[in-house]
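Here's the letter readout for the chains.
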Amino acid sequence: NGSQEVLSFAETNRARLEQQENLATTEEVKAAVDEFGVYMKDTKPAMAAKRAETEGIHTTLVSSKRNNKRPEFMPDVPPSAFNDAWEALEEVEQGYERRILDKYLAFQSADHAVSKFDAKKTTVNTWLDEKIAVFDAGVTGTSVPEIEAALEVH
């Protein structure tokens, strides 16, 4: 039945999003961000439509029974149950989205810092290799000014 399906969807996804994921690379975090985007864009809207449809059916049944002076309709899963679960899911989604985006920004920042360090390391290593080559070539001279002049040429 629709109400059970909506309730199950909300509870399952809430539990999934509450779990802390052990993401170790920027690519893994980016994949989680992308997966969440697909969930919010494709998966959840279909279930939101199912929820609205289920609520509409429930309202129609309750009104019909009330108008015809029949006993009140009591579904297996009342709308309040799946609405509460839906609200809890939305709270968890907001927290998850914030956490995953913060983590993604932190990983991007770390990647940027590492790439800057690697660029500086390459520059320093190149400079050191040049200076080592000069000293290995054997700079000669008989006085400090002659040695300084020879070093400046290199």
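Asks: How should I be thinking about the overall build of the chain in this particular structure?
Replies: Within the chain, the regular secondary structure consists of four helices and zero strands. Its helices and strands in sequence order give the chain the pattern α-α-α-α, from N to C terminus. By the compact-globule yardstick of 15 Å for 154 residues, the chain is too spread out, its C-alpha radius of gyration being 33 Å. By principal-axis analysis of the C-alpha atoms, the chain measures approximately 115 × 20 × 20 Å. At a minimum sequence separation of 6, the contacts of the chain that also span at least 24 residues come to 75%. Summed over its atoms, the accessible surface of the chain is roughly 10700 Å², and 56% of this surface lies on carbon and sulfur atoms. Where the 18 positive side-chain charges of the chain centre and where its 28 negative ones centre are 11 Å apart.

Asks: I keep staring at the packing of helix H1 (residues 2-18) against helix H2 (residues 26-67) and nothing clicks. Help me out?
Replies: Packed helices, taken two at a time, are described by the angle between their axes plus the distance between the axes. With their axes 9 Å apart at the nearest point, H1 and H2 run at an angle of 155° to one another. Of the possible angle classes, the one that applies to H1 and H2 is roughly antiparallel. Between H1 and H2 the crossing geometry is left-handed. Counted together, Gly2, Ser3, Glu5, Val6, Phe9, Asn13, Arg16 and Leu17 of H1 and Glu35, Phe36, Tyr39, Thr43, Lys44, Met47, Lys50, Arg51 and Thr54 of H2 form the full contact between these two elements. Residue composition of the contact of H1 with H2, grouped by class: six nonpolar, five polar and six charged.

Parameters and conventions
Residues numbered from 1 in each chain as written. Predicted model: local features only at pLDDT ≥ 70, side-chain atom pairs only at ≥ 80, totals over all residues. Heavy atoms only, no water. Helix = DSSP H or I, 4+ residues; strand = E, 2+ residues; numbered from the N terminus. Rg over C-alpha atoms; globule rule 2.2 N^0.38 Å. Contact = heavy atoms within 4.5 Å. Areas by Shrake-Rupley, 256 points an atom, 1.4 Å probe, with all protein chains shown as cover. Lys, Arg positive; Asp, Glu negative; His and termini not counted. Charge placed at Lys NZ, Arg CZ, Asp CG, Glu CD. Axes fitted to C-alpha atoms, helices over the stretch in contact; angles between N-to-C directions. Parallel < 35°, antiparallel > 145°, perpendicular 65-115°, else oblique. Left-handed = near helix turned anticlockwise from the far one by under 90°. Nonpolar A, V, L, I, M, F, W, Y, C, P; charged D, E, K, R; others polar.

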